[in-house]
Amino acid sequence: MATVTAEPRPWLAPTASAPVTASVRLPGSKSMSARALILSALADGPSVIERPLRARDTELMSAGLRAIGVAVDTSDEQRWRVEPGALRGPARVDVGLAGTIMRFLPPVAALAEGTVEFDGDPHARKRPMGPIVAALRSLGVAIDASATGGLPLTVRGSGLVEGGETVIDASASSQFVSGLLLSAPRFTKGLTLRHEGPPVPSAPHLRMTTHMLRAAGATVDESVPDVWVVEPGALRGRTWVIEPDLSGAAPFFAAAMVTGGTVTLAGWPTESWQPVGQVIELLRALGAAVEVDDAGLTVRGTGTLHGITADLSEVSELTPVISALAALADGPSELRGVAHIRGHETDRLAALATELGKVGAGVTEFPDGLRIEPRPLHESAFETYADHRMAHAAAVIGLAVPGITLTDVACTSKTLPEFPELWAGLVARS
């Protein structure tokens, strides 16, 4: 299946000559936007998604839902409308490189009448899918998958999924659990899902899934560790207000920390479904001052970056930016608990070890993390591996190290198409 991606675009990361001070207003959370789209598509009436993220991942998710019969109107940048419809094939879905699409949409397609084919970017075929494919098959869904159990795959929907009980090993991605839970209220018998294996990473994303399911009217019991019970029942159409993307804000917070400046993420809610507590604790350990008030979430650089020892399993999306900060810190850092990010847009641990090593840092790679020893850094080409988070890490290094050239900044279109302009403007105003 052909897919259109932004052309690779080399980019010289701007170097800051003064503290970066700014208030930024970022698009909505990718994770919340994706879940809101799925829940809206499966609801019993229309929904509105306010302040969604418009980026490659969510555009492809919207297109995938349209392909199987859901009306998704994204013509208004700030207010998308979703009208559920009869789910049907034949259809073809381009997942791009998005884990949310390749894990969230096949269970929806299983509820359709007809055949739905899934494929995406070349690297998408390497991302793990086996556990969710096996779980759907155990629930009676007919799926043709590749020899590795992943993309390309074809879901042969019969119009319903009986549901019931199944077991999954979700240690490679919490999205396996979320993908099944989001569609489970529409299964005839609901779903009792049990995880067996090493710990499921990114627990905050699972909590976001269950919170949003309940907000849509689902009955979810997660009182037993590693077991989720979703009762069958209708999902309500509603208005979803999407929070600013906390993971997307990480490089901007890092800019304040590297330059001794101040960056405020405007529009931050008083109560969040994202792991803001863990993020604040982590940034403070690295040497930042952080506060939340009516202006938003504000991060101030204190003039020093500290080395840390941290388990990042619950905030693994931050690993690239935290690694970049660690390379600029006053002592070594050890970042662990993130073996699963080897299966993200690229093998992020191998990529970070390679690229941080190229700019001069001392890096030891572990199966589940990195040890980073700060050393004098120097100019270098920084390979981004078609991975937006790698581009963010390179941009952070470039603030302090002249001559950091990203091999491709266009990959940031995955979640924030305006990143190069926002970042350059931020540094220029400093």
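Nothing here was measured: the structure is a model prediction, and the numbers come from that model. The written sequence of each chain sets the order in which its residues are numbered from 1. Reporting in this predicted model follows two pLDDT cut-offs: at least 70 for local features of residues, and 80 or more for side-chain atom pairs to be given and counted; totals over whole chains, interfaces and linings ignore these cut-offs and use all residues. Excluded from the side-chain calculations are hydrogens and water; all other atoms, namely the structure's heavy atoms, are used.

**What to know about unusual backbone geometry**
The omega torsion across G89 and P90 is 0°, close enough to zero to call that bond cis. Secondary structure elements are taken from DSSP: a helix is a run of H or I of four residues or more, a strand is a run of E of two residues or more, and numbering for both begins at the N terminus. Its location among the elements puts P90 in the loop between β5 (79-83) and β6 (91-94). Of note, the bond from L151 into P152 is cis; its omega dihedral lies within 30 degrees of zero at -5°. Here P152 is to be found in the loop between β8 (142-144) and β9 (153-158).

**Observations regarding the pattern of salt bridges**
Whenever a carboxyl oxygen of Asp or Glu lies within 4 Å of a side-chain nitrogen of Lys or Arg, that contact is scored as a salt bridge. Inspection of the entire model under this criterion finds 25 salt bridges. The partner of E59 in a salt bridge is R54, with the nearest N and O atoms 2.6 Å apart. Residue D347 pairs with R342 through a salt bridge whose shortest N-O separation is 3.1 Å. We classify D347 as partly exposed; its relative accessible area is 24%. A single network of salt bridges, built from pairs that share partners, joins K30, D57, E317, E345, R348, D387, R389 and K414. When accessible area is computed with a 1.4 Å probe and restricted to protein chains, residues below 20% of their type maximum are described as buried, those above 50% as exposed, and intermediate ones as partly exposed.

**Considerations on the side chain of S316**
By the secondary structure assignment, S316 is in the loop between β18 (309-311) and α9 (319-327). With sequence-adjacent residues up to four places away left out, S316 is seen in contact with S202, V338, H340, I341 and H344. The contact criterion used is simple: two residues touch if any of their non-hydrogen atoms lie within 4.5 Å.

**A few points about the sheet that holds strand β11 (residues 191-195)**
The mixed open sheet is built from four strands, whose spatial order is β10-β11-β13-β12. Lying at the two open borders of the sheet, with one neighbouring strand each, are β10 (164-168) and β12 (220-221). Of the strand pairs in this sheet, β11 and strand β13 (residues 227-230) are connected by four bridges, and their pairing is antiparallel. The partner of L191 across the bridge, within β13, is V230. Pairing between two strands requires that DSSP report at least two bridges joining them.

**Here we look at the pairing of β13**
With two bridges joining them, β12 and β13 adopt antiparallel strand pairing. Note on β13: the bridge partner recorded for V220 is V230. A loop of five residues connects β12 with β13, the two strands running antiparallel in sequence, and D226 in this loop sits at a positive phi of about 65°.

**Side note on the packing of aromatic side chains**
For Phe, Tyr and Trp, rings pair up if their centres lie within 6.5 Å, where Trp contributes its six-membered ring, and each pair is then called stacked (planes under 30 degrees apart), edge-to-face (over 60) or tilted (otherwise). Within the structure shown, the criterion is met by three aromatic pairs. Here a set of aromatic residues connected by ring pairs shows up, and it is made of F252, F419 and W423. In this structure, R238 packs its charged tip against the face of W240, placed 4.2 Å from the ring centre. The rule for a charge over a ring is simple: NZ of Lys or CZ of Arg within 6 Å of the ring centre, and within 35 degrees of the ring normal. Directly above the ring of F366 sits R336, whose terminal nitrogen or CZ lies 3.9 Å from the centroid.

**Re the sheet that holds strand β20 (residues 362-366)**
The sheet built from four strands is open, its strands ordered β18-β19-β21-β20 with mixed pairing. Either end of the sheet is taken by a strand with one partner, and the two such strands are β18 and β20. Along the sheet, successive strands turn relative to each other by an average axial angle of 10°, direction set aside. Relative to strand β19 (residues 333-336), β18 runs parallel, the two being bridged by three bridges. Looking at β19, one finds that T309 is bridged to E334. Relative to the sheet, α9 contacts β19 and β21 (369-373), its axis offset from that of β21 by approximately 20°. Axis angles are defined between N-to-C directions and span 0 to 180 degrees, where every axis is a line fitted to C-alpha atoms and, for a helix, only to the segment in contact.

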